[in-house]
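Structural overview
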Protein chains: 2
Amino acid sequence: MQPATPHPASEPDAESTSVWGFADSGFTLDDGGIVKFTGSRYALCGEPLPHLLPWVEQTMQVKLDPALAQPSAYPPAVDSPLLCAGFVAAIEEFLPADQRSVDPLVRLRHGHGHTQAEMHAIKHGRFGRVPDMVVYPDSESEVVALVQAAKAHGVCLIPYGGGTNVTEALRCADGEARSIVCVDLKRLRRILWVDRENRLACIEAGAVGRHLVDALQAHGFTLGHEPDSIEFSTLGGWIATHASGMKKNRYGNIEDIVMDMRVVTADGLLHRVGNSVAPRESIGFDPRRLMFGSEGSLGIITSAVVKLFPLPEVQAYGSVLFPDFSRSVRFLYELTQAGNLPASVRLVDNTQFQFSMALKPARQGWRKVRSALEKFVVTRLRGFDPQQMTAATLVFEGDAALVKAQEAQVYRLAKRHGGIKAGEENGRRGYALTYSIAYIRDFVMQHHVLAESFETSVPWSQAETLCERVKARLLLEHQQRGLPGKPFITCRISQLYDTGVCVYFYFGFYTRGVDQPSVVYADIEHAARQEILDAGGSLSHHHGIGKVRQPFLPQIFSTAALKWGDQAKQALDPNHLFACGNNP
Amino acid sequence: MQPATPHPASEPDAESTSVWGFADSGFTLDDGGIVKFTGSRYALCGEPLPHLLPWVEQTMQVKLDPALAQPSAYPPAVDSPLLCAGFVAAIEEFLPADQRSVDPLVRLRHGHGHTQAEMHAIKHGRFGRVPDMVVYPDSESEVVALVQAAKAHGVCLIPYGGGTNVTEALRCADGEARSIVCVDLKRLRRILWVDRENRLACIEAGAVGRHLVDALQAHGFTLGHEPDSIEFSTLGGWIATHASGMKKNRYGNIEDIVMDMRVVTADGLLHRVGNSVAPRESIGFDPRRLMFGSEGSLGIITSAVVKLFPLPEVQAYGSVLFPDFSRSVRFLYELTQAGNLPASVRLVDNTQFQFSMALKPARQGWRKVRSALEKFVVTRLRGFDPQQMTAATLVFEGDAALVKAQEAQVYRLAKRHGGIKAGEENGRRGYALTYSIAYIRDFVMQHHVLAESFETSVPWSQAETLCERVKARLLLEHQQRGLPGKPFITCRISQLYDTGVCVYFYFGFYTRGVDQPSVVYADIEHAARQEILDAGGSLSHHHGIGKVRQPFLPQIFSTAALKWGDQAKQALDPNHLFACGNNP
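What comes next concerns the included structure. Fair warning: this is a prediction, and the values are worked out from it, not measured in the lab.

The subject of this paragraph is the overall build of chain A. Counting its regular elements, chain A contains 18 helices and 20 strands. Overall, chain A is about 75 × 55 × 50 Å in size when its C-alpha atoms are taken along their principal axes. Counting across all 584 residues of chain A, residues that qualify as buried make up 63%. Considering only contacts within chain A whose residues lie at least 6 apart along the sequence, 77% involve residues at least 24 apart. Here chain A displays about 20,900 Å² of accessible surface, and carbon together with sulfur accounts for 52% of that area. Counting 59 positive and 62 negative side-chain charges, chain A places the averaged centre of each group 6 Å from the other.

Turning our attention to the environment of Glu397 of chain B. All names here are of chain B. For Glu397, the location among the structural elements is in strand S16 (residues 390-398). Here Glu397 is in contact with Lys247, Arg250, Tyr251, Pro312, Val314, Gln315, Ala343, Leu402 and Val403, once residues within four sequence places are set aside. A polar side-chain atom of Glu397 sits 2.7 Å from a polar atom in the side chain of Lys247.

Residue and element names in this part refer to chain B. Under the relative-accessibility criterion, Glu397 is labelled buried at 3%. Side chain to side chain, Glu397 and Tyr251 meet in a polar contact 2.5 Å long. Within the local environment of Glu397, its side chain forms a polar contact with the side chain of Gln315, the two groups lying 2.5 Å apart.

Another aspect to go through is helix H1 (residues 52-60) of chain A. Within the sequence span of H1 of chain A, burial applies to Leu52, Leu53, Trp55, Val56, Glu57 and Met60 of chain A. Within two residues after H1 of chain A, Gln61 of chain A carries a phi angle of roughly 55 degrees, on the positive side.

On to the interface of chain B and chain A, then. At the interface, 85 residues of chain B touch 85 residues of chain A. Here chain B packs against chain A, burying approximately 6,900 Å² in sum over the two surfaces, 55% of which is carbon and sulfur. Considering only the surface of chain B that becomes buried against chain A, Arg280, Phe285 and Trp564 of chain B emerge as the three largest contributors, covering 15% of it. Applying the counting rule to chain B against chain A returns six salt bridges. Glu255 of chain A is paired through a salt bridge with Arg280 of chain B; the nearest N and O atoms lie 2.7 Å apart. Connecting chain B to chain A are 45 residue pairs in polar contact (both at pLDDT 80 or more).

What follows deals with the pattern of salt bridges. Residues and elements named next belong to chain A. Counting across every chain of the model gives 72 salt bridges over all chains. The partner of Arg210 in a salt bridge is Asp13, with the nearest N and O atoms 3.4 Å apart. Of this pair, Arg210 sits in helix H6 (residues 209-217) while Asp13 is found in the segment before strand S1 (26-29), placing the two residues 197 residues apart along the sequence. In this structure Asp13 comes out as partly exposed when scored by relative accessible area, which is 23%. In this structure, Arg190 engages Glu204 in a salt bridge whose closest nitrogen and oxygen atoms are separated by 2.8 Å. Taken together, the positions of Arg190 in the loop between strand S6 (180-184) and strand S7 (191-195) and Glu204 in strand S8 (residues 200-204) put the pair 14 residues apart, joining distant regions of the chain. The class of Arg190 is partly exposed, set by a relative accessible area of 24%. Judged by relative accessible area, Glu204 falls into the buried class, the value being 7%.

Between Tyr74 of chain A and Pro75 of chain A the backbone carries a cis peptide bond, its omega angle lying at -5 degrees. Considering the arrangement of structural elements, one finds Pro75 of chain A in the loop between H1 and helix H2 (85-92). Of note, the phi angle at Asn340 of chain A is positive, near 55 degrees, even though the residue is not glycine. You can see Asn340 of chain A is positioned in the loop between helix H10 (325-338) and strand S15 (344-348). Since its relative accessible area comes to 37%, Asn340 of chain A is described here as partly exposed. Even without being a glycine, Glu168 of chain B presents a positive backbone phi close to 60 degrees. You can see Glu168 of chain B is positioned in the loop between strand S5 (156-160) and strand S6 (180-184).

With that settled, the discussion passes to the relation of the copies chain B and chain A. With an RMSD of 0.0 Å, the fit of chain B onto chain A corresponds to turning through 180 degrees and sliding 0.0 Å along the axis. Here the copies are linked by what is in effect a two-fold axis. Comparing interface residues between copies, 100% of those in chain B also sit at the interface in chain A, which points to an isologous, same-surface contact.

Rules and cut-offs
- Residues numbered from 1 in each chain as written.
- Chains lettered and ligands numbered in written order.
- Predicted model: local features only at pLDDT ≥ 70, side-chain atom pairs only at ≥ 80, totals over all residues.
- Heavy atoms only, no water.
- Helix = DSSP H or I, 4+ residues; strand = E, 2+ residues; numbered from the N terminus.
- Buried < 20%, exposed > 50% of the residue type's maximum accessible area, 1.4 Å probe, protein only.
- Contact = heavy atoms within 4.5 Å.
- Areas by Shrake-Rupley, 256 points an atom, 1.4 Å probe, with all protein chains shown as cover.
- Lys, Arg positive; Asp, Glu negative; His and termini not counted.
- Charge placed at Lys NZ, Arg CZ, Asp CG, Glu CD.
- Polar contact = N/O pair within 3.5 Å; in protein donor to acceptor, adjacent residues only side chain to side chain.
- Buried area = accessible area lost by both parts, 1.4 Å probe.
- Salt bridge = Lys/Arg side-chain N within 4 Å of Asp/Glu carboxyl O.
- Least-squares fit on C-alpha atoms with pLDDT ≥ 70 in both.

These results come straight from atomic positions and should not be treated as a statement about function.
Next comes the structure, spelled out in structure tokens:
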């Protein structure tokens, strides 16, 4: 055991409240139609990205005129808070003033996550109810006291981690008459202990992913859990949403990494007693298991014990180009069945491959890039159609022998399916893009494009068909509504399992002149979700249910199963103290 | 998808009801003190085992005189059944006569598992209440109908798989006033489908492990789940007890293997709707998760979808001798931290190593074996003390390259810790012994020795100390009671995890002249369990809680956590239909 390792208390990186990410980062468009990425945090920063706008315009068959940009009307009006005097008086007894806020903008930020609907509403529409108060407990005992005060005074609570969910999990539930208090766990971010011998750490639930990477690296370890939101999302949020990390092949998903946790419930502190953390146990009804996917509805996770992994001896990237989607999916299948997968393997379809090419900072115009690409294809990649080819990116982590064996296997199998090695740099770039590309949703929203991603998981046998069906459905929904231009539709296979894959879809459309575009988007996404279910996909691989996907629950669980959820919630939180309105 | 693959309907292998295992198998002792193993199922069968009795007598410092053998008084008296006429009439409507039994011996067998206390009681003592009726549904719809009838007529139900539990999970709960009906799932044993492409199979819950091995092998697959009880235990039982298989390093534990399940609950059929099995999903409250470790208290599992693995290209065994326990544990630690573990790695302490040597069928007397061993040690294993040395056995499964790499790593690290390769045959023999050795408990019971195993899991840092403390505690408890001879005390590390291990303890003592020996055993085991908890061990790694370990629950879960278990049970089964009396 090591002494407690408090996390640096100060955090200089300001986050935006009206758009995704750090305040100093984001796409901008100059009057000449050249896109740049501000700040210095990402590989994309600084250099002009002259091909992006032309590619988007060509793909979506619309003109994105800087002069027509839609200014953000953020912030929307925020209602006065509904405060419970008894509760406020009670918490003032133990919570200092800087750990309480009724500021409208603070409350607004705590009332939503990052769905297009929410982000569109705060900038271009009206936003419904937001929490009446935000509190920032600094210790587990303060969380316990908050829960007791809420119970005593008839207030309800919503836990808040990084605010990055895409399921409307944070949106206040309809019809809630009580005062709603949001419990932001940002101060609960200490690493309480690191146990080098057993490779375990006990970490407070509000710890943010990117801070954990740094802090654990100083100990020579990694958690290995890298969701796309790692810059902002928290340990507690990962548990509550049943999160998945991009390197899960090596490190596992969140349920594989978390070995123990403490939760403040309506009944008090739920925890495992004892002087150690079991590597695995069979102890009957284990209430901790209920917290995975609980989405704030059963209690407030205050800390968790997680597995640590030594920093890999080798980290290597790679990429492979394939002639078409079918062949690349067959490659993924064969690779998975062979076992010994790289830490991460991702496959982008042709549109997404083109998109990533368009994001290359280069001085040539898009036409030149395209013609260069076509020439490259003709000369180096005979038989590759630039309108069909796909790309897989790879991250290898482990000791040198393991990485070497994985690389040999990957490239041998890729070759069998027509794949051609496309170098380490393209692989590295693909992963780095994950974080900067997250800013594009709010950038294009200014230019009348609504775009968002949604995901599913599906067995291998249905994977390719599902991708085709969902894309066709999105296209059809777009056409049937007579929406302008062409939609942006693409998919990526982001996780591999023995029995199937996780697929991400991206859908965007031009909204200028469209009435209630955000509602239209939601309707189309709803249709696509139905197509996903009909095609054998799951309701969610790792985003969760929140409020957006609740209408589909009767399609995935029997009546008895749904009733169990309701009955369990009623039994474990009879006063509905945790009234976020998520499942159950 | 493949068509349904029904399992062979007939089962020629009769099982004992009064002792462990197949009726044709077991240890016998002739008047000359020579032990043999009957039948032809196991490697141990046929040849005399002349060293066993001398070794046991020397180790336990007692004389096991065949003439003093304690005859089994099986069966004990069985009370008349408490039948509910309304229920019986209701089920006669849909359940043929050969699917119902009130036979006293059938009821007796369904009222216990395989703890020493239960097995001692049925042979040498009195047994409490047993189920009043046993039913054998042949389909899920019959299970549903049984549950409805039970609900309508105030009868309670106990599901029954293989009857191999060692937690008194099947023992009727104290104070149950209603008619108790045991639902034996043996007829629900079909493989409903095999999906080669996604490597999945849907299997009824009553399917027995050994049958699954054969049936899936015919498809070119394995489940990879091999608990020590695989000959008799069932898929549903594995889920209900949260089981672990000896090859979990390669195939995972039961929670990693089961992808979906169907459960008949008090509220109806709990299942996942839809036309596929998700490889992984985040769907909020997932009631299926509650079934792992549910021990019959929440419903009757009728089928599950499980992962399949291709039969390994190579299966290889290995063994290593180590100079002492400490060094062998350090080897295991280093091997685990290096990763890429063989499918199974087990370590026996010195006593268990000696015990396995004593089980060798050979024509020399024990003294000769010992002197040969000592000579071998002196000449080949310099520095090895025959009273200290330990042995690790290994199973490698995978493709040739993987097995080769694992072998190279194992033997390289073993050497670093003073280990010496002891050949494939010793490894193979070690694993084969797992199944035949299970018969010894009932054999020695005839000769006034009570012996049983119990297990835990513990972090690496506490593993060796825990082993020492528990052994010392067992010795002390034995001494303090002035019990005859010396106790048989040994341990085995049977599973490796990144953060710790599973440890099995074996304790036996000579009971002739001891009053209520089975109660004495239980008291000592209880003390050892307390020592386990005090030393940082878990309440159970894979056996579960049942009734035996319930008293310890307040030592492992907070009040709120325990309350959640009670509240969930009350909410999900308000009429206490599944009244087995296990946790929750």
